[in-house]
Amino acid sequence: MSHRLDVRLVKRLPGFSLDVEWTAGEGVAALFGPSGAGKTLTLQCLAGLLEPDAGRIVVDGRVLFDAEAGIDWPPQRRQIGYVFQGYALFPHLSVAENIGFGLRDRGRAEGRRRTAEVIARMGLEGLEARRPHELSGGQRQRVALGRALAPDPALLLLDEPLSALDATLRQSLRDDLRRILAEWGTAAVLVTHDFTEAYRLGDRIVVYENGRVIQAAPRAELLWQPASERVAGIVGIRNVLRGTVLKAMPDRIQFRWREQLLEAVNSPTRSYLPPPESPLAFFIRPEYVRLIRKDRGTPDPDHHMNLMQGRVVGEADFGTTWTLYIKLDVPGTPAQGHYDLEIEVPRLVYEILDIEHDRQWQLSIHRGSIHVLPSSPLSAAGERAG
Amino acid sequence: MSPQALSALWLSLKVSMVATALVALVGIPIAYLLARRRFWGHAVVDTLVTLPLILPPTVTGYYLIVLLGRRGILGAPLYAATGFTVAFTWYAAAIAATVMALPLLVRTAAAAIASVDRELEKAAFTLGRSEWRTALEVTLPLARNGILAGLVLAFARALGEFGATLMLAGNIPGKTQTVPLSIYTAVQTGESHEALLLVGLLTGLSCAVVVAAGRLGARAQ
């Protein structure tokens, strides 16, 4: 069965308004954004726990809410599973009773059979009689998932499913969760304020900010083609910079930045043709900046594009990688405080090149590694089909 | 112990148990509504239920006479229809004790219900439970200790009721004379031995109740 979710919601609260529209298909949609952006509010509207002021919610062709048509199904009839932040397991009930809670309509024998099946699939055998407080964080997560999935919902909602766990557990449980969601194949909407989590778990990412959707796209597209500087900032992309357009062509854009002439590949899905002298936002991934070895002679201009000279003015050791802060050899205020570019090199490279002692470097960035961001008027368009 | 004291003790226990049952029946739904619903008249219900805790018992008793006496607002039609009147029967003692004990249960139970995590109720809704089933299967079981503590306090309050009972039920030996009333009578007539015995009895019972309520309250946390 093919899954499809169409969401349009308006909800006004004192001091906050939610006004979003997005769609999702198969797999997991991750609602990502800072706390207080309206993500949990969206889940509550989807589940029917909160009534929107306007909008429409359609799950697999079933209209669950339509303000104009006066349709508002109660949460009991929506067939939507909800994994709450902190799980909200019933503390007075056993693991088996928690998981079987939503199976009352199926009759005693079938309820018991399904409970046993879910317990087995979740790897919770032997814990049937335990109470939630006697379980580990990971076991609780699986009970919460099992409880929500047991009635075979049309859609599963997960509110910050990993936030109740400590850091060491988070990563392994994130992979657990990913596996379970893939195995069950239930369409899911997940809320998180952690981009790594959104990226690892979501097939599609919907970026929330202050009650609005600023981009909704497949995860790869979001990372490589953020719709705007705001999205780039919110997903934690580094080296978001501003230059001035010299010449924009459908396949390339030439621009000026810190007295350098740079060339970037134009956005492949939407050729962006700003007039000369207009401001341009772009970003450079720190791991895609090359350091040119001094023993290799004169740099080959065909191979080494966007050449720049700079000096390491700061560095940070992240174990497997080093982050270097580079200030270009040009006058004027550096682009990012005391430095112009942040670059990342593997530890081995750092050691081989003896960066600890050698601070003056020539840099090169391939034109495909400079990502142009459409400027603000375009980014305000909000939802973008993915 | 004199036959009179024994009958007072028996009557007191009967009245208190009936009153506690009535308090549970009426008070738990009121506590749930006060804790979980915002409705028109919320403050009025809250105030009315709490009032007997603040008012002098004789004032509450007076209102009960106005309501249930032979010529009372409810009492008169009842008398006209059946020839029965509540006043000066043990029913009156039970009703007076119920009204006086109700605030203790409602307050305690409402606090316990309000402290149940609402996410648990929402989880039950998404799993197909109506609000009514959710209250029975999730909210009330989780507020159980607080509700039991409230019932124990209500029982104790009913056992010690004096003023409102005197007003509505009178002080008829063997009929409406509960232990507190018989202590009063014993002191008035100089039967200090009898008074001391009953005072000791009531003190012991109350101590047991306080301990029980404390334990339940501690577990409710």
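Residues numbered from 1 in each chain as written. Chains lettered and ligands numbered in written order. Predicted model: local features only at pLDDT ≥ 70, side-chain atom pairs only at ≥ 80, totals over all residues.

What follows covers the overall build of chain A. A count of helical and extended segments in chain A gives 10 helices and 21 strands. When its C-alpha atoms are laid out on the principal axes, chain A stretches across 80 × 50 × 40 Å. Within the span of chain A, comprising 386 residues, buried residues form 38% of the whole. If you take every contact in chain A between residues at least 6 apart in sequence, the share linking residues at least 24 apart comes to 66%. (Helix = DSSP H or I, 4+ residues; strand = E, 2+ residues; numbered from the N terminus. Buried ≥ 20, exposed ≤ 12 C-beta atoms within 10 Å, placed from the backbone. Contact = placed C-beta atoms within 7 Å.)

Let's shift gears to the sheet that holds strand E10 (residues 204–209) of chain A. Pairing between sheet strands relies on hydrogen bonds along the backbone, with the strands arranged either parallel or antiparallel. Residues and elements named next belong to chain A. One open sheet holds the 6 strands; their spatial order is E7-E8-E9-E3-E10-E11, and the pairing between them is mixed. The open sheet is flanked by strand E7 (80–83) and strand E11 (212–218), the only strands paired with a single partner. The mean inter-strand angle of the sheet, taken between neighbouring strand axes irrespective of direction, is 15°. Examined bridge by bridge, strand E3 (residues 28–32) and E10 share 4 bridges and lie parallel to one another. What sits directly across from phenylalanine 32, in E10, is valine 207. Sitting on the sheet, helix H4 (residues 137–149) touches E7 and strand E8 (155–159), and the angle it makes with E7 is about 165°. (Pairing = 2+ DSSP bridges. Axes fitted to C-alpha atoms, helices over the stretch in contact; angles between N-to-C directions.)

Residues and elements named next belong to chain A. On average, residues of chain A score 89 in pLDDT, and 94% of them reach the 70 mark or higher. Across chain A, helix H2 (residues 95–99) holds the top mean pLDDT of 97, while helix H10 (residues 376–379) sits lowest at 41. Of the regions scoring below 50 in pLDDT, residues 376–386 engages in 23 contacts with residues more than four places distant in sequence or in other chains. (pLDDT = per-residue confidence, 0-100.)

Right, let's talk about the confidence of the model for chain B for a bit. All names here are of chain B. Here chain B shows a mean pLDDT of 92. Residues at 70 or above account for 98%. The element-level mean pLDDT for chain B is lowest in helix H11 (residues 192–220), coming to 84, with helix H6 (residues 118–126) highest at 97. For this predicted complex, the interface score ipTM comes out at 0.84, while the overall pTM is 0.80.

The next subject is the packing of H4 of chain A against helix H5 (residues 167–184) of chain A. Residue and element names in this part refer to chain A. Contact geometry of H4 with H5 gives a least axis separation of 11 Å together with a crossing angle of 20°. With respect to their mutual orientation, H4 and H5 come out roughly parallel. Helix-helix and strand crossings are classified by hand; for H4 and H5 the assignment is right-handed. Along its contact with H4, which presents Gly137, Gly138, Gln141, Leu145 and Leu149, the element H5 presents Leu169, Leu173, Asp176, Ile180 and Trp184. Split by residue class, the contact of H4 with H5 holds 6 nonpolar, 3 polar and 1 charged. (Parallel < 35°, antiparallel > 145°, perpendicular 65-115°, else oblique. Left-handed = near helix turned anticlockwise from the far one by under 90°. Nonpolar A, V, L, I, M, F, W, Y, C, P; charged D, E, K, R; others polar.)

Residue and element names in this part refer to chain A. Counting buried positions along E3 gives 5 out of 5 residues, so the element sits mostly inside the fold. Burial of E3 is two-sided: the residues Val28, Ala30 and Phe32 facing one way and the residues Ala29 and Leu31 facing the other way are all buried. Pairing geometry for E3 and strand E9 (residues 188–192), over 5 bridges, is parallel. From the neighbouring strand, leucine 31 faces E9, where its bridge partner is valine 191.

What follows concerns the interface of chain B and chain A. At the interface, 14 residues of chain B touch 17 residues of chain A. Breaking the side of chain B that touches chain A down by element, the ones donating at least two residues are H6 and helix H7 (131–142) of chain B. Looking at which element gives the most residues to the side of chain B that touches chain A, the answer is H6 of chain B, with 6 residues. For the side of chain B that touches chain A, the class distribution of residues is 7 nonpolar, 3 polar and 4 charged.

This part covers the nonpolar core. Counting residues in each nonpolar core, the largest one holds 167 residues, and the members touching the most others are Leu157 and Val206 of chain A together with Ala96 of chain B. When residues of this core are assigned to their parent elements, the largest contribution, 17 residues, is made by helix H5 (residues 90–114) of chain B. Apart from residues lying up to four places away in sequence, alanine 96 of chain B is in contact with Gly61, Leu64, Glu161, Ala164, Thr165, Leu168 and Ala169 of chain B. (Core = buried A, V, L, I, M, F, W, Y, C linked by C-beta atoms within 7 Å.)

Right, let's talk about unusual backbone geometry for a bit. Residues and elements named next belong to chain A. Phi is positive for aspartate 152, which is not a glycine, with a value near 60°. By the element assignment, aspartate 152 lies in the loop between H4 and E8. In this structure aspartate 152 comes out as partly exposed when scored by C-beta crowding, with 13 C-beta atoms within 10 Å. In this model, asparagine 306 sits at a positive phi of 50°, which is unusual for a non-glycine residue. Along the chain, the position of asparagine 306 falls in the loop between strand E16 (290–292) and strand E17 (308–317). Note on asparagine 306: 20 C-beta atoms within 10 Å, which makes it buried.

Each pair of packed helices gets described by two things: the angle between the helix axes and the distance between those axes. All names here are of chain B. Two numbers describe how helix H1 (residues 3–36) lies on helix H8 (residues 144–159): the axes approach to 9 Å, and their chain directions differ by 140°. With respect to H8, the axis of H1 lies oblique. Between H1 and H8 the crossing geometry is right-handed. Residue-level inspection shows Ser12, Val15, Ser16, Ala19, Thr20, Val23, Ala24 and Ile28 of H1 in contact with H8, the latter providing Ile147, Leu151, Ala154, Phe155, Ala158 and Leu159. Split by residue class, the contact of H1 with H8 holds 11 nonpolar, 3 polar and no charged.

To continue, consider helix H1 (residues 39–47) of chain A. Residues and elements named next belong to chain A. Within H1, 7 of the 9 residues are buried, which leaves the element mostly enclosed by the surrounding structure. Buried within H1 we find Lys39, Leu41, Thr42, Leu43, Cys45, Leu46 and Ala47. Directly beyond the C-terminal end of H1, a positive phi value near 85° is found at glycine 48.

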